[in-house]
Amino acid sequence: MISIIFIGIFWVLNGQLKIGQLMAIITISGIVVSSISSLSGANIKLQEAGVAFDRFYEFIKAKPEFIPTDYETYKTEKVEDKNRNINLQIRQLSYRFIGRKKIFDDISIEINSGEIVTLCGEIGSGKSTLIQILQKHYFPEGGDIIFNGKSLSEYSIPLWRQYIGVVSQQIKIFNGSVGDNICLGNYLEERESIFEFCHNYGFNTFFDSFHQGLDTLLGEDGVNISGGQKQLVAIARALYRKPSILLLDEPTSAMDTKTEEFVISLLKQRKSQFATLLVTHRLQLAGISDRIYTLKNGATSCLNKNSINPI
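Residues numbered from 1 in each chain as written. Predicted model: local features only at pLDDT ≥ 70, side-chain atom pairs only at ≥ 80, totals over all residues. Heavy atoms only, no water.

**Q** Where do I start with the overall build of the chain in this structure?
**A** Of regular secondary structure, the chain possesses 11 helices and 10 strands. Oriented by its inertia axes, the alpha-carbon framework of the chain measures out at about 105 × 50 × 45 Å. When the 311 residues of the chain are sorted by exposure, 41% land in the buried category. Across the chain, contacts joining residues at least 24 apart in sequence account for 69% of those joining residues at least 6 apart. Roughly 17,900 Å² of accessible area belongs to the chain as shown, and the carbon and sulfur atoms make up 55% of that amount. Of the charged side chains in the chain, 32 are positive and 32 negative, and the gap between their average positions amounts to 4 Å. (Helix = DSSP H or I, 4+ residues; strand = E, 2+ residues; numbered from the N terminus. Buried < 20%, exposed > 50% of the residue type's maximum accessible area, 1.4 Å probe, protein only. Contact = heavy atoms within 4.5 Å. Areas by Shrake-Rupley, 256 points an atom, 1.4 Å probe, with all protein chains shown as cover. Lys, Arg positive; Asp, Glu negative; His and termini not counted. Charge placed at Lys NZ, Arg CZ, Asp CG, Glu CD.)

See below:
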């Protein structure tokens, strides 16, 4: 537009163009430039829509975690007595993310009923990835996981997750009450059992301090409570399921000393009810372990718990 104006003025001064004609040219040029600009904007929006459609298509075509027939099979499968003796063996497990080098290639751990086994290691060594594998979110490249004499691959995903209780580092809190987040079901129907559970396990000491007790709304992602309180809700959720195997990934990292002592005492009192795999860097929590494994350079080794150093 600046070029058109300068050229037009030059022509007017040289008598090649009249002022009225120049104004008409400028007006028409403004309309044309505006239209071209609009077309450019439309093209950008079309490109963004194309990217969004491709992403949406990826979600639509993503394979489900398990197919509906697996769920129908799960309904007919029988959950073994959770109070029986539990034995979980991880044998020479190896895993890598696609296109990367192996995170670990010789993970060997054994956990039995009534035991608390701690896994320590440096940041990025693969501890949380192992917890994900034990939940069947990832599948190992090599090795095997044996649960009560059967390979983990023989258990359907819905059935296997009836045996485990998990407290991960990334805790999901739903936009509901404390009770809703513990039972993940119909709180109105399970209200009495949740009250009894919290009283028996000692959680009522903490949850009663909430504004409306178990009926307190936590907000999406737990915006109304602290990080330590989120972890308490997650621990209560895991224990309420009465798991055979309890998987804890830094379960007290956001807690104060008093709350952590409560969790330690609770785990020591209830340890006979399940087999526990604990991932932690906190020495006070690791001190309740029956065995401690350290994960280094992709392999595990069993240590005397009194000899472990802070990591």
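More follows now that the structure is in view.
**Q** Any chance you could explain the pattern of salt bridges here in plain terms?
**A** If charged atoms from side chains of opposite charge come close, those side chains can pair. For the coordinates displayed, the defined rule picks out 9 salt bridges. For Arg291, the salt bridge is made with Glu115, and the minimal N-O distance between the two is 2.9 Å. One end of the pair, Arg291, is in strand 9 (residues 291-296); the other, Glu115, is in the loop between strand 2 (104-112) and strand 3 (116-121), with 176 residues separating them in the sequence. Salt bridges linked by common partners bring Arg96, Lys102 and Glu141 together as one network. (Salt bridge = Lys/Arg side-chain N within 4 Å of Asp/Glu carboxyl O.)

**Q** Teacher, can you tell me more about the nonpolar core here?
**A** The tendency in soluble globular proteins is for nonpolar side chains to be buried side by side. Core analysis: the biggest nonpolar cluster contains 39 residues, and Ile182, Phe203, Phe207 and Leu239 have the highest contact counts within it. Elements that contribute at least two residues to this core include exactly helix 6 (178-183), helix 7 (187-201), helix 8 (204-207), helix 9 (227-240), strand 7 (245-249) and helix 10 (257-270). The biggest single contributor to this core is helix 9, with 8 residues. Apart from residues lying up to four places away in sequence, Ile182 is in contact with Ile194, Cys198, Phe207, Leu214, Ala236, Arg237 and Tyr240. Counting residues in hydrophobic clusters, the runner-up holds 30 residues, among them Tyr95, Ile133, Phe147 and Leu159. (Core = buried A, V, L, I, M, F, W, Y, C linked by side-chain atoms within 4.5 Å.)

**Q** Help me understand the pairing of strand 3, please; the structure alone is not making it clear to me.
**A** In summary, the side chains of a regular strand alternate between the two faces of the sheet. Within strand 3, 6 of the 6 residues are buried, which leaves the element mostly enclosed by the surrounding structure. Because side chains alternate across strand 3, one face comprises the buried residues Ile116, Thr118 and Cys120, and the other comprises Val117, Leu119 and Gly121, equally buried. In the sheet, strand 3 pairs with strand 8 (residues 275-279) via 4 bridges, with the strands oriented parallel. The partner of Ile116 across the bridge, within strand 8, is Thr276. One ladder, built from 5 bridges, connects strand 3 with strand 9; its direction is parallel. By the bridge assignment for strand 9, Gly121 is matched with Leu295. (Pairing = 2+ DSSP bridges.)

**Q** I keep staring at the state of the cysteines and nothing clicks. Help me out?
**A** Note on terminology: a disulfide is the covalent bond linking the sulfur atoms of two cysteines. Counted by the stated rule, this structure contains 0 disulfides. Free cysteine: Cys302, not disulfide-bonded; nearest cysteine sulfur from Cys120 at 11 Å. Note on Cys302: relative accessible area 46%, which makes it partly exposed. (Disulfide = S-S within 2.5 Å.)

**Q** Any chance you could explain unusual backbone geometry here in plain terms?
**A** Even without a glycine there, the phi angle at Gln92 is positive, about 45°. Along the chain, the position of Gln92 falls in strand 1 (residues 87-95). Even without being glycine, Asn148 reaches a positive phi, approximately 50°. Mapped onto the elements of the fold, Asn148 is located in the loop between strand 4 (142-147) and strand 5 (150-151). Among the residues examined, Asn148 registers a relative accessible area of 19% and is labelled buried.

**Q** What exactly am I supposed to notice about the packing of helix 7 against helix 9 here?
**A** For any two helices packed against each other, the geometry is given by the interaxial angle and the distance between the axes. Two elements in contact, helix 7 and helix 9, have axes separated by 11 Å at closest approach and are oriented at 110°. In terms of orientation, helix 7 and helix 9 fall into the roughly perpendicular class. Two secondary-structure elements touch here, helix 7 through Glu190, Ser193, Ile194, Phe197 and Tyr201 and helix 9 through Ala236, Leu239 and Tyr240. Within the contact of helix 7 with helix 9, the residues separate by chemical class into 6 nonpolar, 1 polar and 1 charged. (Axes fitted to C-alpha atoms, helices over the stretch in contact; angles between N-to-C directions. Parallel < 35°, antiparallel > 145°, perpendicular 65-115°, else oblique. Nonpolar A, V, L, I, M, F, W, Y, C, P; charged D, E, K, R; others polar.)

**Q** Hey, could you run me through the packing of helix 1 (residues 2-13) against helix 2 (residues 19-61) in this one?
**A** Relative to each other, helix 1 and helix 2 sit at 165°, their axes nearing to 10 Å. The pairing of helix 1 with helix 2 is recorded here as roughly antiparallel in orientation. By crossing handedness, the relation of helix 1 to helix 2 is classed as right-handed. Each of Ile4, Ile5, Gly8, Ile9 and Val12 in helix 1 lies in contact with helix 2, whose residues at this interface are Ile19, Leu22, Ile25, Ile26 and Ser29. Among the residues making up the contact of helix 1 with helix 2, the classes are represented as 8 nonpolar, 2 polar and no charged. (Left-handed = near helix turned anticlockwise from the far one by under 90°.)

**Q** Can you walk me through helix 7 in this structure?
**A** Because each turn of an α-helix spans 3.6 residues, side chains separated by three or four positions end up pointing in the same direction. A rise of 1.5 Å per residue sets the reference length of helix 7, with its 15 residues, at 21 Å; its end C-alpha atoms lie only 18 Å apart and thus fall more than 12% short of the reference. Along helix 7, the largest kink reaches about 35° and is centred on Ser193. Among the residues of helix 7, those classed as buried are Tyr187, Ile194, Phe197, Cys198 and Tyr201. Elements in contact with the buried residues of helix 7: helix 6, helix 8, helix 9 and helix 10. A distance of 3.1 Å separates the backbone nitrogen of Leu188 from a side-chain oxygen at the start of helix 7, and that oxygen is part of Asn186. Once helix 7 finishes, Gly202 follows within two positions and takes phi at roughly 90°, a positive value. (Expected span 1.5 Å × (residues − 1). Bend = angle between axes of the 7 residues up to and from the residue. Polar contact = N/O pair within 3.5 Å; in protein donor to acceptor, adjacent residues only side chain to side chain.)

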